[in-house]
Amino acid sequence: NTLMLACSNSGMYDEAAQIFEEMVEADVRPTQVTASILVKMYGRAQELDKALEVVERIKKDYGMTPNLHVYTCMIQACGRNQHVRRSWRVFGQMLLSGVVPDAIVFGTVIHGCIYQSRVDQALALVRYAYEPSEGNKLGLFQALGVEASEKDARAAPVHAQPIELQREGLSSLVTALRRKGKEALAQQVEGLAGLCRGPGVRRAPRRQEARAEPRS
């Protein structure tokens, strides 16, 4: 992993990909870190299909479910390549797999929605982040067009406490809503953010990004 990361950081993408293939041939089991390195690399190289395909390959061949960090890298790769709908699909897969998103993931998907003027989807994400409930979760699935059976959708976990989002992203959404003449919805977003600053509500901890430098 260390050598593959060094090649990726140096822009030596073909060499990094070759190292991965050599790992596979040598029966070295890929880790979550391996997946995150490759996803970030292909995202920077504007090869989104390869970024998502490598995760599917690792899932299929090794039975490894992506963790929060890998899903974050996948969603960021979608955003980097301006594929907002694919970020929705990955976000949906994340929820259905039982991985609970954090403020970074929510913020990344919301930013992509605002950039593409998809304020309805952004609003559904904000509602679910601040008011986690079965109803808001199913409403979010519908807004994002997540394909899932009713059974699978209901089985996806709901986070226990509100997740406080970055103020910058919320301000951008409020501005976008007001530009569209949706003052009531803009005030709703402001109200949700205000509720999460009230007493007794936990502030979401800042996640430390894992450094992808373990031994291979």
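Residues numbered from 1 in each chain as written. Predicted model: local features only at pLDDT ≥ 70, side-chain atom pairs only at ≥ 80, totals over all residues. Heavy atoms only, no water.

**Focus: the overall build of the protein**
What counts is decided by this rule: Runs of H or I in DSSP of at least four residues are treated as helices and runs of E of at least two as strands, each being numbered from the N terminus. Relative accessibility under 20% of the residue-type maximum defines a buried residue, over 50% an exposed one, and the middle range a partly exposed one, all with a 1.4 Å probe and only protein chains included. For this analysis, residues touch if any pair of their heavy atoms sits within 4.5 Å. Per-residue and other accessible areas were derived by the Shrake-Rupley procedure at a 1.4 Å probe size, with only the shown protein chains allowed to occlude residues.
Counting its secondary structure elements, the protein contains 12 helices and zero strands. The order of helices and strands in the protein, counted from the N terminus, is α-α-α-α-α-α-α-α-α-α-α-α. The buried share among the 216 residues of the protein stands at 42%. At a minimum sequence separation of 6, the contacts of the protein that also span at least 24 residues come to 66%. Carbon together with sulfur atoms contributes 47% to the accessible area of the protein, which is approximately 11700 Å² in total.

**What to know about the layout of surface pockets**
Unoccupied space between atoms shows up once a probe the size of one water molecule is rolled over them. What counts is decided by this rule: Whether a set of points on the 1 Å grid over the protein atoms alone is a cavity depends on a 1.4 Å probe fitting there but being unable to get out, while an open set qualifies as a pocket with protein on both sides within 12 Å along at least five of seven lines; lining residues are those with an atom within 4 Å of a point. Grid points are joined across faces, edges and corners, and a volume is the space filled by probe spheres set on the points. In this classification, Asp, Glu, Lys and Arg are treated as charged, Ala, Val, Leu, Ile, Met, Phe, Trp, Tyr, Cys and Pro as nonpolar, and every other residue, Gly included, as polar.
Here the second largest pocket is characterised by a volume of approximately 190 Å³. G79, R80, T108, H111 and G112 are, among the 13 residues lining the second largest pocket, the residues nearest its centre. Of all the elements in the fold, those that place two or more residues in the lining of the second largest pocket are α5 (68–80), α6 (84–96) and α7 (103–115). Residues that form the lining of the second largest pocket fall into these classes: three nonpolar, nine polar and one charged.

**Description of the confidence of the model for the protein**
Stated formally: For every residue, the pLDDT score states the predictor's confidence, bounded by 0 at the bottom and 100 at the top.
For the protein, the average pLDDT comes to 89, and 90% of its residues sit at 70 or higher. Note on residues 195–206: pLDDT is under 50 here. Beyond four places in sequence and across chains, it has 14 contacts. Low pLDDT, under 50, characterises residues 208–216; the stretch is placed with 14 contacts to residues that sit more than four places away or in other chains.

**Comments concerning the packing of helix α1 (residues 2–9) against helix α3 (residues 32–44)**
Heads up, the rule is: Inter-axis angles, ranging from 0 to 180 degrees, are taken between N-to-C directions of lines fitted to C-alpha atoms, where helices are fitted over the stretch in contact. Angles below 35 degrees are treated as roughly parallel, those above 145 as roughly antiparallel, those between 65 and 115 as roughly perpendicular, and all remaining angles as oblique. Should the near helix be turned anticlockwise from the far one by less than a right angle, the crossing is termed left-handed; should it be turned clockwise, right-handed.
The contact between α1 and α3 brings their axes to 10 Å, and the two run at 15 degrees. With respect to α3, the element α1 is oriented roughly parallel. Considering how the two elements wind past one another, α1 and α3 form a crossing that is left-handed. Across the interface between the two elements, M4, L5, S8 and N9 from α1 touch T34, I37, L38, M41 and R44 from α3. Of the residues that constitute the contact of α1 with α3, the class distribution is five nonpolar, three polar and one charged.

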